[in-house]
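Breakdown of the fold
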Amino acid sequence: MNLIEKILAKAITEKVRTAAVLTISDHMESTHSVDALINKSTSNNILVMKRRSNSFKHGFTVFDGFNNKKYIVKPDFLSFGRPCIRLYNIENDEIGKVGLTSNAGMGTYTISLDGKVLGTVTRKVSLKMKLELNLNGWHMDGDFLYYNITVTDINGNQIMKSNKAFSASRESYVIQMTNRQHEIICLLLVMAVEIILHGNE
């Protein structure tokens, strides 16, 4: 390797290192503690979905912005290749679910509420994780691993955004909605992202 090649190789290495540092920095800036995300929010309609332990199989407990318990989220223990995650009220009645319904491509997951199909989320074949939402004409966009997502309606108006918050003991999602009427649907969308990321681990 001659001198010019060495200089070019070093420059490329530095660019890659700088890009990696900036990516980590951006992720840290957008991923905060639950309290920080709630305090920063301008929305009055907030849900916090907290993992019940370090294992996905133990599910989540969902609280409102005032720390009142509202819902329980549980993945099916036995999936037989068809992972499914279910939403219950605090009386333990099932409200809705998200489950894998097609293995074509990278998988399509169906969202159901009170036994009726609302729509689907399909994971597209892409270098960057990409999810296609088919529900009410809404659009879902996210960062590299969909830790932070935004959902907009057909006119580009924000329906919700969700940020994943990490702590030493467990991870949580802080979900901010523009309309409380969309609460359960927004929660099901975050559940869809979670099961696409983890299946029934």
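Scoring rules and cut-offs
Residues numbered from 1 in each chain as written. Predicted model: local features only at pLDDT ≥ 70, side-chain atom pairs only at ≥ 80, totals over all residues. Heavy atoms only, no water. Salt bridge = Lys/Arg side-chain N within 4 Å of Asp/Glu carboxyl O. Helix = DSSP H or I, 4+ residues; strand = E, 2+ residues; numbered from the N terminus. Buried < 20%, exposed > 50% of the residue type's maximum accessible area, 1.4 Å probe, protein only. Core = buried A, V, L, I, M, F, W, Y, C linked by side-chain atoms within 4.5 Å. Contact = heavy atoms within 4.5 Å. Pairing = 2+ DSSP bridges. Axes fitted to C-alpha atoms, helices over the stretch in contact; angles between N-to-C directions. Phe/Tyr/Trp six-rings, centres within 6.5 Å; stacked < 30°, edge-to-face > 60°. Lys NZ or Arg CZ within 6 Å of the ring centre and 35° of its normal.

**With respect to the pattern of salt bridges**
- A full pass over the atoms with the stated rule returns seven salt bridges.
- Two residues, Glu171 and Arg51, come together in a salt bridge whose shortest N-O distance is 2.3 Å. Placement of the pair is Glu171 in strand E12 (residues 171–177) and Arg51 in strand E1 (residues 45–51), with a sequence separation of 120 residues. Across the pair, Arg51 and Glu171 agree in class, each one buried.

**Concerning the nonpolar core**
- Formed by 40 residues in total, the largest nonpolar core has its most connected members in Met49, Val98, Met140, Met160, Ile175, Leu187 and Met191.
- Broken down by element, this core gets its largest block of residues, eleven residues, from helix H3 (residues 183–198).
- Setting aside chain neighbours within four positions, we find Met160 in contact with Ile149, Thr150, Val151, Ile175, Gln176, Met177, Cys186, Leu189 and Val190.

**Description of the pairing of E12**
- Of all seven residues that make up E12, seven are buried, and the element is covered over most of its length.
- Both faces of E12 are covered, namely the face carrying Glu171, Tyr173, Ile175 and Met177 and the face carrying Ser172, Val174 and Gln176.
- Looking at chain direction, E1 and E12 are connected through six bridges and run antiparallel. Residue pairing across strands places Asn45 opposite Met177, the latter belonging to E12.
- Inspection of the sheet shows strand E11 (residues 158–166) paired to E12 by seven bridges, in the antiparallel sense. Among the inter-strand pairings, Phe166 is bridged to a residue of E12, identified as Glu171.

**Brief notes about the sheet that holds strand E4 (residues 84–89)**
- In spatial order, the strands read E8-E7-E6-E5-E4-E3-E2-E1-E12-E11-E10-E9; together these twelve strands make up an open sheet with antiparallel pairing. Of all strands in the sheet, those bounded by a partner on one side alone are strand E8 (130–134) and strand E9 (139–142). Pairwise comparison of adjacent strand axes, ignoring direction, gives a mean angle of 20 degrees for this sheet.
- With six bridges connecting them, strand E5 (residues 94–102) and strand E6 (residues 108–113) associate as antiparallel partners. When the bridges of E6 are listed, Val98 appears paired with Ile111.

**Brief notes about unusual backbone geometry**
- A positive phi angle is found at Asn67, which is not glycine, with a value near 70 degrees.
- Notably, Asp114 is not glycine yet its phi reads approximately 50 degrees, a positive angle.
- With respect to the element layout, Asp114 can be found in the loop between E6 and strand E7 (116–124).

**Considering the packing of aromatic side chains**
- Taken as a whole, this structure holds one aromatic pair when the rule is applied.
- Taken together, a centroid distance of 6.3 Å and an interplanar angle of 55 degrees make the contact between Phe60 and Tyr173 tilted. Here Phe60 is found in strand E2 (residues 60–64), whereas its partner Tyr173 is found in strand E12, with 113 residues between them in sequence.
- Owing to a relative accessible area of 0%, Phe60 belongs among the buried residues under this scheme.
- Residue classification places Tyr173 among the buried positions, given a relative accessible area of 1%.
- Taking the ring centre of Phe63 as reference, the NZ or CZ of Lys50 above it sits at 5.2 Å.
- Across the ring face of Tyr88, the terminal group of Lys74 is positioned such that the distance to the ring centre comes to 5.1 Å.

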